[in-house]
Amino acid sequence: MPRTYLVTGAASGIGNATADHLRAHGHTVIGADLKGGDISADLATPDGRAELVAAARELTGGRLDAVIACAGIARFDPLTVRVNHFGAVATLEGLRPLLAAGQSPRALVIGSIDAVHPTDAATVEAALAGDEEAAVAAAQAAVDRGEGHLAYSSSKAAISRWVRRSAVAAEWAGAGIPLNAVAPGVIRTPLTQPLLDDPEMRAVVEEAVPMPLRGPAAPDELTSLIAWLTSPENTLVTGQIVYADGGADAVLRGETGW
Ligand code: NAI
């Protein structure tokens, strides 16, 4: 049965491929991104997050069947925490009432294999406490001591832990809404292509994210998994961080990391 999905980050990469896949299967997709698409909203800001929810309400009459939060950036600065954690939480929390009015509602966010790398504990804890300015200050402190790269892993660790915590709460599991993350390895998108095109950076990426099954993948290799997790067929999987990473998580965390 055709469903109505909202996908953030729909203008590019994984979000774009997901929206295309769902439309090709007969579903209605409301695409949100910084510019263009059905909803233009900057998820780094409280105003943009409120605009997303208001526009989604108007376009759908207050009912959504699934939300897929793909919008994200990988800058080595605190903006990454604002978009990847707080923007994603605001998307999922803000649209939850619309899901509650939908059919077989499902929610999903794109995490990352990077969440298993070292993080900045102060950034992650502040993010999980819901204190955006403290999280941003902690991420800035990491930048100031030369560890700006921790902004990305910290943002993805925080959103992964938020999924684990929230999925089993009354608002999600109690309301019958599965909530999961898909954590990709290296996917060829505008986010990563410049790194992959540079032989030195490509070697760094391959060492950080070893993918024994196969190397960097295309965005449409994720879309069936995302579609299934957000479909009515998924009646049991919730609170999971599903690694779609060519084996990177198994290499990095080993046989006890599950
Ligand atoms: P992308 O750069 O192709 O697409 C990201 C989209 O998010 C863009 O269209 C961009 O405009 C949008 N966006 C960025 N900041 C925004 C904001 N403030 N408000 C609204 N929209 C905003 O990147 P890609 O690779 O498709 O990334 C999608 C998600 O997948 C991100 O969360 C990323 O962290 C995650 N991811 C990507 C991996 C990869 O190898 N490409 C690996 C693991 C995770």
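Computed from a prediction, not measured in an experiment: that's the story for all the values here.

Turning our attention to the site of the ligand. For the ligand, the set of nearby residues contains 29 residues, the closest of which are Ser 12, Asp 33, Tyr 152, Ile 187 and Thr 189. With respect to the ligand, the side chain of Lys 156 contributes an N or O atom lying 2.8 Å from an oxygen atom. Taking Thr 189, its side chain carries an N or O atom lying 2.6 Å from an oxygen atom of the ligand. Coverage of the ligand by the protein chains reaches 92% of its 830 Å² of free accessible surface. Counting residues per element, the ones that place at least two in the shell around the ligand are α1 (13–24) and α6 (150–167).

With that settled, the discussion passes to the domain arrangement of the protein chain. Domain annotation of the protein chain identifies domain 1 (4–184 + 222–244) and domain 2 (187–218). One C-alpha centre belongs to domain 1, the other to domain 2; they are set 23 Å apart. When the area that domain 1 buries against domain 2 is broken down by residue, the three leading residues are Ile 113, His 117 and Leu 222, summing to 40%. Our count for the contact surface shared by domain 1 and domain 2 stands at zero salt bridges. Summed over the shared surface of domain 1 and domain 2, the result is one residue pair in polar contact (both at pLDDT 80 or more). For the side of domain 1 that touches domain 2, the per-class residue count stands at seven nonpolar, four polar and one charged.

Moving on, we get to the packing of aromatic side chains. One pass over the full model with this rule turns up one aromatic pair. Between Trp 162 and Trp 172, the ring centres sit 6.4 Å apart and the planes meet at 80 degrees, which makes this aromatic pair edge-to-face. Taken as a pair, Trp 162 in helix α6 and Trp 172 in the loop between α6 and β6 (179–184) lie far apart in primary sequence, 10 residues in all. There is no split in this pair, since Trp 162 and Trp 172 are both buried.

This paragraph deals with the packing of helix α3 (residues 79–100) against helix α4 (residues 121–128). Following both chains from N to C, one finds α3 and α4 inclined at 40 degrees, their axes separated by 11 Å at the closest point. The orientation of α3 with respect to α4, classified from their angle, is oblique. Read as a crossing pair, α3 and α4 show a hand that is right-handed. Residues Val 81, His 85 and Phe 86 of α3 lie in contact with α4, whose contacting residues are Thr 123, Ala 126, Ala 127 and Leu 128.

What counts, and where the lines are drawn
- Just so you know, the residues in each chain are numbered from 1, in the order the chain's sequence is written.
- Given that the model is predicted, a residue must reach a pLDDT of at least 70 before its local features are reported, and side-chain atom pairs must reach 80 or more before they are shown or counted; all residues, however, enter totals for whole chains, interfaces and linings.
- Side-chain measures were taken over the full set of non-hydrogen atoms in the model, leaving aside hydrogen atoms and water.
- Any residue with at least one heavy atom within 4 Å of a molecule or strand is counted as near it.
- By the criterion applied in these results, polar contacts are pairs of N or O atoms within 3.5 Å in which, for protein atoms, one can donate a hydrogen and the other can accept it, and in which residues neighboring in sequence qualify only through two side-chain atoms.
- Accessibility throughout is a Shrake-Rupley quantity obtained with a 1.4 Å probe, and a residue counts as covered only by protein chains that appear here.
- Counting from the N terminus, the helices are DSSP H or I runs at least four residues long and the strands are E runs at least two residues long.
- Segmentation of the chain into domains, including their bounds, is taken from an automatic or database domain assignment.
- Throughout, the accessible surface (probe 1.4 Å) given up by two parts as they are put together, summed over both, is called the buried area.
- Whenever Lys or Arg places a side-chain nitrogen within 4 Å of a carboxyl oxygen from Asp or Glu, that contact is recorded as a salt bridge.
- For this classification, the nonpolar set comprises Ala, Val, Leu, Ile, Met, Phe, Trp, Tyr, Cys and Pro, the charged set comprises Asp, Glu, Lys and Arg, and every other residue, Gly included, is treated as polar.
- Geometry of aromatic contacts follows a simple scheme: Phe, Tyr and Trp rings, the Trp one being its six-membered ring, pair when their centres are within 6.5 Å, and the pair is stacked under 30 degrees between planes, edge-to-face over 60, tilted otherwise.
- Relative accessible area decides the class of each residue, using a 1.4 Å probe on protein chains only: under 20% of the type maximum gives buried, over 50% gives exposed, and in between gives partly exposed.
- A fitted line through C-alpha atoms represents every axis, and for helices the fit uses only the stretch in contact; the resulting angles, taken between N-to-C directions, go from 0 to 180 degrees.
- In this scheme, roughly parallel covers angles under 35 degrees and roughly antiparallel covers those over 145, while 65 to 115 is roughly perpendicular and the rest are oblique.
- Throughout, a crossing is termed right-handed when the near helix is turned clockwise from the far one, and left-handed when it is turned anticlockwise from it by less than a right angle.
- In this analysis, two residues are considered to be in contact whenever any of their non-hydrogen atoms come within 4.5 Å of each other.

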